[in-house]
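For reference, the chains in residue letters:
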Amino acid sequence: MSKLKFPQDFWWGAATSGPQSEGRFNKKNRNIFDYWFDNDKTAFFNGVGPDIASNFYNSYKEDIKMLKEIGLNSLRTSIQWTRFIKDYETVEIDEDGAKFYNNVINELIKNEIIPVLNLFHFDMPMELQEKYGGWESKYVVELFVKYARKAFELFGDRVKHWVTFNEPIVPVEAQYMYKFHYPLIVDGKKAVQVLYNTALASAKVIKEFRNMKNDGEIGIILNLTPSYPRSESTEDKKAADISDAFFNNSFLDTAIYGKFPELLVEILKKDNVLWDGTLKELEIIRENTVDFLGVNYYQPKRVKARESGFDVSKGWLPDKYFEHYDMPGRRMNIYRGWEIYPQAIYDIAKNIQENYKNIKWFISENGMGVEGEERFKNSDGIIEDDYRIDFYREHLTYLHKAIQEGANCFGYHTWTPIDCWSWTNAYKNRYGFISVDLPTQIKTIKKSGYWIKKVSETNEVEEWGK
């Protein structure tokens, strides 16, 4: 079996987030998910909420030791605005929260694991959502910049890789278009404003980071889901272009070129739903682009020109220009309902290489969520998740091909190191290298954990299909 060699100092790591790993221990403020769970437990799979998660708040030392044991050399997690800041307006720091994140950073460094710190992972403080509409408000953008400054001040001496947002398109979709996340609004005009304000918030935080002359780099993490047209017809290709302009290039173009896609602006103007913005704000976006890019990749979009009628009662949505279709013969992750299409990781890499300055970037999430993994336990109590190893090998084979052709990719992070709580899905699907028994919180390395250890030690992956 041939081996694929990856670049020297390649990141072999994994990603999680504060709200999905820590639990609500000693957290005095609530984010929108805390509030939602407290008010409607039925919205969450098996009624499991964020109260305990994977207990990282209490077990971070033991957990980080396990990450070291399976060979991870880097970890992305997020600071919770609601844990770190006591008062959002005065930006008073919560001492317990600050101590916790300091301890986590120190523990990672002690174990020779590079900390990658993200500032926002879907977890808008409920107080700011209620009072100001969250990302609908430019005042909340200013509060976010102040929070970011406090994080840079406290942790910037040790953290050299920062991220402004994880998957910023998700709150746009989930909170304001498709009712996946609280406050479950369907309002395309508000969604467009949230998109704009989030791009502005990212740029303003980058500006603040550079003004402080931090010794480090700052980027953004985007979930890229390439839109593949059903056919080569003009109509289908235009539908895919519009889908990409909204869901992929809105944040990709602003992050790397400092401007919104012309196609997107043209459509929003025509439909009278363009955001409220100023020339000064657009200048800030233009002048404060990222140092690096993180790419979360799980699935492609299959798009065709709209054939069925669009439900105008929903108001404006980009869906009026396209619809999704099920490509015949596609492979599926039946547990998640997502298509498995590893070739897209190559297409994303080439797109960045050819159209986005060949900026340095890494795969910041790629993962295989499976329900009922305990059925794959062997007699030693280890989950034999060969399906996950195969998934990673196949994606890495396509990624390696792109790197060989000049793609500027410096790492591969999976979702996730330890089985974590996943919003309304809770623990329905498991993704980790390390399993969690929820009642006892006992953690056990899976077969994939031993696999990634070998990969990290050798910097090699067995080529898929050989």
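Rules used throughout
Residues numbered from 1 in each chain as written. Predicted model: local features only at pLDDT ≥ 70, side-chain atom pairs only at ≥ 80, totals over all residues. Heavy atoms only, no water. Helix = DSSP H or I, 4+ residues; strand = E, 2+ residues; numbered from the N terminus. Rg over C-alpha atoms; globule rule 2.2 N^0.38 Å. Buried < 20%, exposed > 50% of the residue type's maximum accessible area, 1.4 Å probe, protein only. Contact = heavy atoms within 4.5 Å. Areas by Shrake-Rupley, 256 points an atom, 1.4 Å probe, with all protein chains shown as cover. Lys, Arg positive; Asp, Glu negative; His and termini not counted. Charge placed at Lys NZ, Arg CZ, Asp CG, Glu CD. Pairing = 2+ DSSP bridges. Axes fitted to C-alpha atoms, helices over the stretch in contact; angles between N-to-C directions. Parallel < 35°, antiparallel > 145°, perpendicular 65-115°, else oblique. Nonpolar A, V, L, I, M, F, W, Y, C, P; charged D, E, K, R; others polar. Salt bridge = Lys/Arg side-chain N within 4 Å of Asp/Glu carboxyl O. Left-handed = near helix turned anticlockwise from the far one by under 90°.

> How should the overall build of the protein be read in this particular structure?
Helix and strand counts for the protein come out as 16 helices and 19 strands. Against the 2.2 N^0.38 benchmark of 23 Å for 466 residues, the protein shows a C-alpha radius of gyration of 21 Å, consistent with a compact globule. Looking at the 466 residues of the protein, the share that counts as buried comes to 61%. Within the protein, counting contacts between residues at least 6 apart in sequence, those at least 24 apart form 77% of the total. Entry remark: accessible area of the protein is about 18,300 Å², with carbon and sulfur atoms responsible for 48%. Computed over 62 positive and 69 negative side-chain charges, the separation of the two mean positions in the protein equals 1 Å.

> Help me understand the environment of K65 in this model?
Looking at the element boundaries, K65 is found in helix α3 (residues 56-69). A C-alpha to C-alpha distance of 27 Å links K65 and K5, two positions 60 residues apart in sequence.

> How should I be thinking about the pairing of strand β3 (residues 74-78) in this particular structure?
Consecutive side chains along a regular strand alternate between the two faces of the sheet. Counting buried positions along β3 yields five of five residues, so the element is predominantly enclosed. The two faces of β3 match: S74, R76 and S78 on one face and L75 and T77 on the other face are all buried. Bridge analysis of strand β2 (residues 11-15) against β3 gives three bridges, and the strand direction is parallel. Its bridge partner lying in β3, A15 is registered against R76.

> It is not clear to me how the packing of helix α10 (residues 234-247) against helix α12 (residues 262-270) should be interpreted in this structure. Could you clarify?
Geometry of a packed helix pair, given as the angle between the helix axes and the separation of the axes. Interhelical geometry of α10 versus α12 gives an angle of 95° and a closest axis separation of 8 Å. By the angle class used here, α10 and α12 are roughly perpendicular. Residues K238, D241, I242, A245 and F246 of α10 touch α12, and the partners they reach there are L263, L264 and I267. Here the residues of the contact of α10 with α12 sort into six nonpolar, no polar and two charged.

> Honestly, the pattern of salt bridges in this entry has me stumped. Any pointers?
Side-chain pairs of opposite charge can arise where the charged atoms are in close proximity. Following the criterion strictly, the structure yields 47 salt bridges and no others. Its salt-bridge partner being E107, residue K110 comes within 3.5 Å of it at the nearest N-O pair. With K110 and E107 both in helix α5 (residues 95-110) and three residues apart, the pair spans about one turn of that helix. You can call K110 exposed: its relative accessible area is 61%. Judged by relative accessible area, which is 10%, E107 ranks as buried.

> Honestly, helix α8 (residues 169-176) in this entry has me stumped. Any pointers?
Quick reminder: α-helices carry 3.6 residues per turn. Residues three or four places apart thus point the same way. Counting buried residues along α8, eight of its eight residues qualify, which places the element largely inside the surrounding structure. Within α8, the full set of buried residues consists of I169, V170, P171, V172, E173, A174, Q175 and Y176.

> In this structure, what is going on with the sheet that holds strand β9 (residues 227-229)? I would like to understand it.
Strand pairing in a sheet takes place through backbone hydrogen bonds and is either antiparallel or parallel in direction. The strand order β9-β11-β12 describes an open sheet built from three strands, whose pairing is mixed. Looking at the sheet topology across the chains shown, the edges are occupied by β9 and β12 (323-324). Its contacts with the sheet place α10 against β9 and β11 (301-304), and it is angled at close to 135° to β11.

> Before we go on, may I ask you to explain the packing of helix α7 (residues 138-155) against helix α9 (residues 188-211) in this structure?
The interhelical angle for the contact between α7 and α9, taken along N-to-C directions, is 30°, at an axis separation of 9 Å. Taken together, the axes of α7 and α9 are roughly parallel relative to one another. Crossing of α7 over α9 shows right-handed handedness. Taken together, the residues of α9 that come into contact with α7 (itself represented by K138, V141, E142, F144, V145, A148, R149 and F152) are Q193, Y196, N197, A201, K204, V205, E208 and F209. Grouping the constituent residues of the contact of α7 with α9 by class yields nine nonpolar, two polar and five charged.

> In this structure, what is going on with the sheet that holds β3? I would like to understand it.
With respect to topology, eight strands assemble into a closed barrel ordered β2-β3-β6-β7-β8-β10-β15-β16, the strand pairing being parallel. Between one strand and the next, the sheet's axes are offset by a mean angle of 25°, whatever the strand orientation. Bridge count between β3 and strand β6 (residues 114-118): five bridges; the pairing is parallel. Residue pairing in the sheet places T77 in a bridge with L117 of β6.

> Hey, could you run me through the pairing of strand β10 (residues 292-296) in this one?
β10 sits mainly inside the fold: five of its five residues count as buried. Of the two faces of β10, the one lined by F292, G294 and N296 and the one lined by L293 and V295 are each fully buried. Note: strand β8 (residues 217-223) against β10, five bridges, orientation parallel. Looking across to β10, one finds that I221 is bridged to G294. In this sheet, strand β15 (residues 361-365) lies alongside β10 in parallel orientation, the contact comprising four bridges. Looking at β15, one finds that G294 is bridged to F362.

Worth remembering: the numbers are spatial, not functional.
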